[in-house]
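# Summary of structural features
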Amino acid sequence: MVSTTALLVQHRFARDPDLLEEFEALAKTAEYNVVGTFDVVGPSSARFGIKGGKVEEIRIWIEAQKPDVVFYSPGLKSSQMYRLKEEWKTDVRDRVQLILEIFDRHARTPQSKLQIEQARLSYELPFVRHQLKEHLDKERAGPRPVGRQVGPGEDLLNLRYMEIRHRVAAIEEKLQKISEASELKRKKRVDSGFLEVALAGYTNAGKSTLHRALTGSQVEVAAGLFTTLSTKSSDLAMDGRQVVLTDSVGFISDLPKSLLRAFNTTLMEIADADVILLVVDGSNSVDEVRRKANVCLDTFTRIGINGIPIVTALNKVDLIDDAGIRERISALDGVGSEVVPVSAKEMLNLPTLVSVIESLLPILSVYSIDLPYGDSTMSLISWLHQVGSVRNQKFKEDRIEVEASLSLDVAQKLLKMLPQDAIRKLEPKSDNPAQGA
Ligand SMILES: Nc1nc2c(ncn2[C@@H]2O[C@H](COP(=O)(O)OP(=O)(O)OP(=O)(O)O)[C@@H](O)[C@H]2O)c(=O)[nH]1
Ligand SMILES: [Mg+2]
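Residues numbered from 1 in each chain as written. Chains lettered and ligands numbered in written order. Predicted model: local features only at pLDDT ≥ 70, side-chain atom pairs only at ≥ 80, totals over all residues.

## Focus: the overall build of the protein
Note the cut-off: By the criteria applied, helices consist of DSSP H or I runs no shorter than four residues and strands consist of E runs no shorter than two, each listed in order from the N terminus. To sort residues by burial, count the other C-beta atoms lying within 10 Å of each one's C-beta; a count of 20 or more means buried, 12 or fewer means exposed, and anything in between means partly exposed. C-beta atoms are built from the backbone. We call two residues in contact if the C-beta atoms placed from their backbones are at most 7 Å apart.
Looking only at helices and strands, the protein has 14 helices and 14 strands in total. Seen along its three principal axes, the alpha-carbon backbone of the protein occupies a region of about 100 × 65 × 40 Å. Across the 437 residues in the protein, those meeting the buried criterion constitute 35%. Restricting to contacts in the protein with at least 6 residues of sequence separation, those with at least 24 account for 69%.

## What to know about the site of ligand 1
The condition is simple: Working rule for contacts: place C-beta from the backbone, and if it is within 6 Å of a molecule or strand, that residue counts as near it. Residues were grouped as follows: Ala, Val, Leu, Ile, Met, Phe, Trp, Tyr, Cys and Pro as nonpolar; Asp, Glu, Lys and Arg as charged; and all remaining residues, including Gly, as polar.
Neighbouring ligand 1 are 23 residues; Gly206, Ser208, Thr228, Gly250 and Lys345 lie closest to it. With three residues, helix H7 (residues 207-215) is the largest single contributor of residues to the shell around ligand 1. Residues belonging to the shell around ligand 1 are distributed by class as follows: eight nonpolar, 11 polar and four charged.

## Some details on the sheet that holds strand E13 (residues 399-407)
Just so we agree on the cut-off: By this definition, two strands are paired if DSSP reports at least two bridges between them. Every axis in this analysis is a line fitted to C-alpha atoms, fitted for helices over the stretch in contact. Angles between the N-to-C directions lie between 0 and 180 degrees.
Ordered by their spatial adjacency, four strands build an open sheet running E12-E13-E11-E14, and the pairing between neighbours is antiparallel. Sheet topology places strand E12 (389-395) and strand E14 (423-425) at the edges, where each strand pairs with a single neighbour. Averaged over all pairs of adjacent strands, the angle between their axes in this sheet comes to 20°, without regard to strand direction. Bridging between E12 and E13 involves six bridges; their strand directions are antiparallel. Opposite Val390, over in E13, you have Ala404 as the bridge partner.

## Focus on helix H3 (residues 78-88)
We apply this condition: Directions drawn from the helix axis to the C-beta atoms are what define this arc.
What H3 keeps buried is the set Gln80, Met81, Leu84 and Trp88. An end-on view of H3 places all buried positions within 100° of arc, on one side of the element. Here the buried face of H3 lies against helix H2 (52-65), strand E3 (69-73) and strand E4 (91-94). Two residues or fewer after H3 comes Lys89, characterised by a positive phi angle close to 50°.

## Observations regarding the sheet that holds strand E9 (residues 310-315)
Read from one edge to the other, the open sheet built from six strands follows the order E6-E7-E5-E8-E9-E10, with strand pairing classed as mixed. With one partner strand each, in any of the chains shown, strand E6 (232-238) and strand E10 (338-341) form the two edges of the open sheet. Adjacent strand axes in the sheet meet at a mean angle of 30° when their direction is disregarded. As judged from the four bridges shared by E9 and E10, these two strands associate in the parallel manner. Opposite Ala313, over in E10, you have Val340 as the bridge partner. Sitting on the sheet, helix H10 (residues 286-302) touches strand E5 (194-201) and strand E8 (275-281), and the angle it makes with E8 is about 150°.

## Re the domain arrangement of the protein
We count it as follows: Boundaries of every domain are those given by an automatic assignment or by a domain database.
Domain parsing of the protein yields domain 1 (4-103), domain 2 (107-174), domain 3 (193-360) and domain 4 (364-425). A straight line from the C-alpha centre of domain 1 to that of domain 4 covers 64 Å.

## Some details on the packing of helix H1 (residues 20-29) against helix H4 (residues 95-106)
Using the following cut-off: For classification, angles of less than 35 degrees are called roughly parallel, those exceeding 145 degrees roughly antiparallel, those between 65 and 115 degrees roughly perpendicular, and all remaining angles oblique. If you view the pair so one helix is near and one far, a crossing is left-handed when the near helix is turned anticlockwise from the far one by less than a right angle, and right-handed when it is turned clockwise.
Packing of H1 against H4 leaves a shortest axis separation of 9 Å and a crossing angle of 40°. Considering the angle they form, H1 stands oblique to H4. Taken as a pair, H1 and H4 cross one another with a handedness that is left-handed. Of the residues in H4, those in contact with Phe23, Leu26, Ala27 and Thr29 of H1 are Arg95, Leu98, Ile99 and Ile102.

## Brief notes about unusual backbone geometry
In the segment running from Ser73 into Pro74, the intervening peptide bond is cis, with an omega of 5°. Following the sequence through the fold, Pro74 ends up in the loop between E3 and H3. Phi angles above zero are rare outside glycine, and Phe226 is one such case at about 55°. The residue Phe226 is located in the loop between H7 and E6 in this model. The class for Phe226 is buried, based on 21 C-beta atoms found within 10 Å.

## Structural notes on the nonpolar core
Applicable threshold: Buried Ala, Val, Leu, Ile, Met, Phe, Trp, Tyr and Cys residues whose C-beta atoms connect them within 7 Å together make up a nonpolar core.
Within the largest apolar cluster, 80 residues are counted, with the highest numbers of intra-cluster contacts made by Ala27, Val197, Leu277, Leu278, Val280 and Ala313. The residues touching Leu278, leaving out its near neighbours within four places in the chain, are Ala200, Gly201, Cys296, Ile310, Val311, Thr312, Ala313, Val335 and Gly336. Of all hydrophobic cores here, the second largest spans 11 residues; its members include Leu364, Leu384, Val402 and Leu414.

## Remarks on the packing of H4 against helix H5 (residues 110-141)
In a packed pair of helices, the relevant descriptors are the angle between the two axes and the axis-to-axis distance. At a minimum axis distance of 10 Å, the contact between H4 and H5 shows a crossing angle of 160°. Relative to H5, H4 is oriented roughly antiparallel. For the crossing formed where H4 meets H5, the hand is left-handed. Residues Val96, Leu100, Phe103 and Asp104 of H4 touch H5, and the partners they reach there are Ile116, Ala119, Arg120 and Tyr123.

## Re the confidence of the model for the protein
The criterion, for reference: Confidence of the predictor at the level of single residues is given by pLDDT, which spans 0 to 100.
Considering every residue of the protein, the mean pLDDT works out to 90; 95% of them sit at 70 or more. In the predicted structure, residues 430-437 sits below a pLDDT of 50 and forms 10 contacts with residues beyond four places in sequence or in another chain.

Okay, here's the thing in structure tokens:
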């Protein structure tokens, strides 16, 4: 198959970072053959986004090289896009559309398919509104059609506009149902004592590779951007606790608003986590490491996440040397409570990562629970095995005394189920001050 050729035009102000490399990676992920790039640094123009002189320079390049499509970053207003299409006599799209194309290719679940359709339609809406306005302006300028208030073109555009709005509302309703169902599933998990650790991080940082390494799951891993669009939770082995690790969609700078909104419920799964495992690509330059980590923190703030402990996994350390690791660890100072260098691919240092996560999970205390013999006691004990760590069982004449490390949550549940004097918190042993603090 002949690949579609693309020219990339990036516009930025002098103070902005150069994201051309990432722009190229996006284009490649969407399977474009990038045949040229322009990095336009300077003030913007309302007419085209970039200044007229640059528009002309690029027009000459396009005339000679004839790319199939021009992608413009960061975004274009609908009016600017139309003007550039006319100037350059070629298909012009912006970075938002490029990201939407990737999401479209990678959507696997009904939920992510709906989320993308919604994002695409919300993105399209202002463009239709723009066309509608242009149409009206033209009609106002010309002689009014006799006997009718609107022209046929306007009718069609109006129809399309209404159609989009209805479809967006219908999708919203379907997504709401899906999110209620997944909320129910999550609630069930919480009720049965599961804790949740959520993976988060810039796209391509290695979240899914780490998910596979820590849980043995088979989630998809690939070199391109936005491989993962839907969430997946699997058990994470940890002594005496039930923990699930959730993989989900990656972040990127300037994530299109339409996508942020459509993926809000997916992103919000992070907000329910007990601990966030922030994955950072250590093979990037120190500046990129810092920039991407900040994008992640900003995204947390934007979706209203705060107060959840964060562990930072500096991933892909198999690709850098010790000095590089140290430099990146100090660049990440203050991002989370601790930075742990790991390689998900080579399974390096994962036990340390797990123990740091463990130290941030709700504290376990040791309780002594006194229960009468009987079927209900047996099922209660097997539940305790699931939700905590049973350390000792003493069988007495007609009773069983169980000693178990439990989270406060579980202990409170027990207190509701049992008579008050049946459960007693044991004081921490002096040789192990961390227990039961
Ligand atoms: N060398 C090396 N490569 C890694 C490591 N971890 C992940 N990778 C590679 O990085 C690329 C991205 O990995 P993924 O696990 O798909 O990354 P992700 O964060 O889930 O990415 P998205 O789902 O696309 O946002 C793949 O090519 C992985 O093989 C690592 O520790 N070392
Ligand atoms: Mg992934």
